[in-house]
Amino acid sequence: MDSQARLEHVAIAVPDLEAAVQVYSTILGRAVAGREHVESEGVRVAFFELDGPRLELLEPTGPDTPIGRFLERRGPGLHHIALEVPDIEGAIERCRAAGLETVGEAPRTGAGRRKVAFLHPGGTGGVLLELSQRADEP
Ligand code: CO
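On a predicted model such as this, the values are computed, not experimentally measured, just so you know. (Residues numbered from 1 in each chain as written. Predicted model: local features only at pLDDT ≥ 70, side-chain atom pairs only at ≥ 80, totals over all residues. Heavy atoms only, no water.)

**As for the environment of Ile-27**
Secondary-structure assignment places Ile-27 in helix H1 (residues 17-28). Relative accessible area serves as the criterion here: at 59%, Ile-27 is assigned to the exposed category. Remark: the alpha-carbon pair of Ile-27 and Gly-104, spanning 77 residues in sequence, is separated by 34 Å. (Helix = DSSP H or I, 4+ residues; strand = E, 2+ residues; numbered from the N terminus. Buried < 20%, exposed > 50% of the residue type's maximum accessible area, 1.4 Å probe, protein only.)

Laid out in structure tokens, this is it:
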């Protein structure tokens, strides 16, 4: 385990981003902190800053996207949790050596220009796990 690993965000798949933003604004008593459209993943993201990890709401841009297919199969719900690691290539290598499977290209560029990689839930206790490394400073 990387000594600097930390919980970075928790992501919830929703069919209607605006409705979910309303609900979570009410729960948290604060406005949404930001939004992003990640075209490569076919997803619109709205996020709330918490004391610690962020809370992300994910709405698919269409049915034939990872989140669209998730909603079709499972309905709305917890989609993944993201752990920030300082060295994502090293983490991917360790995980693969231990028999954990990555999903899709790993690493690839995600929201906020982060390097991200997803580990298949089959090896992680049933939770889709995102490894995430901060973008290098510009
Ligand atoms: Co994520």
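The discussion continues.
**Some details on the coordination of the cobalt ion**
Angles between donor atoms at a metal ideally measure 109.5 degrees for a four-coordinate tetrahedral arrangement and either 90 or 180 degrees for a six-coordinate octahedral one. The protein atoms that coordinate the cobalt ion are His-9 (NE2), His-80 (NE2) and Glu-130 (OE), at distances of 1.9 to 2.1 Å. Written as a sequence motif, the donor residues of the cobalt ion are H-x70-H-x49-E. Note that His-80 is positioned in strand S5 (residues 77-84) and Glu-130 in strand S8 (residues 129-133), a separation of 50 residues in sequence. We note that His-80, like Glu-130, is buried. (Donors = N, O, S within 2.8 Å, 3.2 Å for Na, K, Ca; no water.)

**Considering the side chain of Arg-54**
Mapped onto the elements, Arg-54 comes out in strand S4 (residues 54-60). The class of Arg-54 is buried, set by a relative accessible area of 13%. Here the side chain of Arg-54 touches Glu-56 through a polar contact of 2.8 Å, side chain to side chain. Every residue in contact with Arg-54, bar those within four places of it in the chain, is listed here: Glu-8, His-9, Val-10, Phe-47, Phe-48, Glu-49 and Arg-114. (Polar contact = N/O pair within 3.5 Å; in protein donor to acceptor, adjacent residues only side chain to side chain. Contact = heavy atoms within 4.5 Å.)

**Focus: the pairing of strand S3 (residues 43-48)**
Looking down a regular strand, the side chains alternate between one sheet face and the other. Most of S3 is tucked away, with five of its six residues classed as buried. Summarising the sheet, strand S2 (residues 34-38) and S3 pair through five bridges and their orientation is antiparallel. Of the residues in S3, the one forming a bridge with Gly-34 is Phe-47. Hairpin connection from S2 to S3: four residues lie between these consecutive antiparallel strands, with Gly-42 at a positive phi of about 65 degrees. In this structure, S3 lies alongside S4, joined through six bridges in antiparallel fashion. Across the sheet, residue Val-45 finds its bridge partner in S4, namely Leu-58. (Pairing = 2+ DSSP bridges.)

**A look at the layout of surface pockets**
Estimated volume of the largest pocket: approximately 760 Å³. For the largest pocket, the lining is made up of 33 residues, of which Ile-67, His-79, His-80, Phe-118 and Leu-128 are closest to its centre. Listing elements by their share of the lining of the largest pocket, those giving two or more residues are S2, S3, S4, helix H2 (66-74), S5, strand S6 (102-109) and strand S7 (115-119). Element by element, the count of residues in the lining of the largest pocket is highest for H2, at six residues. (1 Å grid on protein atoms, 1.4 Å probe; cavity = no way out; pocket = protein on both sides within 12 Å on 5 of 7 lines; lining within 4 Å. Points joined across faces, edges and corners; volume = space filled by probe spheres on them.)

**Observations concerning the pattern of salt bridges**
Taken as a whole and assessed by the stated rule, the structure comprises 12 salt bridges. Between Glu-8 and Arg-114 there is a salt bridge, with its nearest N and O atoms 3.1 Å apart. Remark: Arg-114 occurs in the loop between S6 and S7 and Glu-8 occurs in strand S1 (residues 6-13); sequence separation between them is 106 residues. This pair shows no difference in class: Glu-8 is buried, exactly as Arg-114 is. Here Arg-108 ties to Glu-41 by a salt bridge, and the two come within 2.8 Å at their closest N and O atoms. With a gap of 67 residues between them, Arg-108 in strand S6 and Glu-41 in the loop between S2 and S3 connect regions that are remote in the sequence. The exposure class assigned to Arg-108 is buried, which follows from its relative accessible area of 18%. Look at Glu-41 and you get buried, because its relative accessible area is 18%. Among the charged side chains, a salt-bridge network with shared partners connects Arg-6, Glu-8, Arg-54, Glu-56, Glu-84, Arg-114 and Arg-134. (Salt bridge = Lys/Arg side-chain N within 4 Å of Asp/Glu carboxyl O.)

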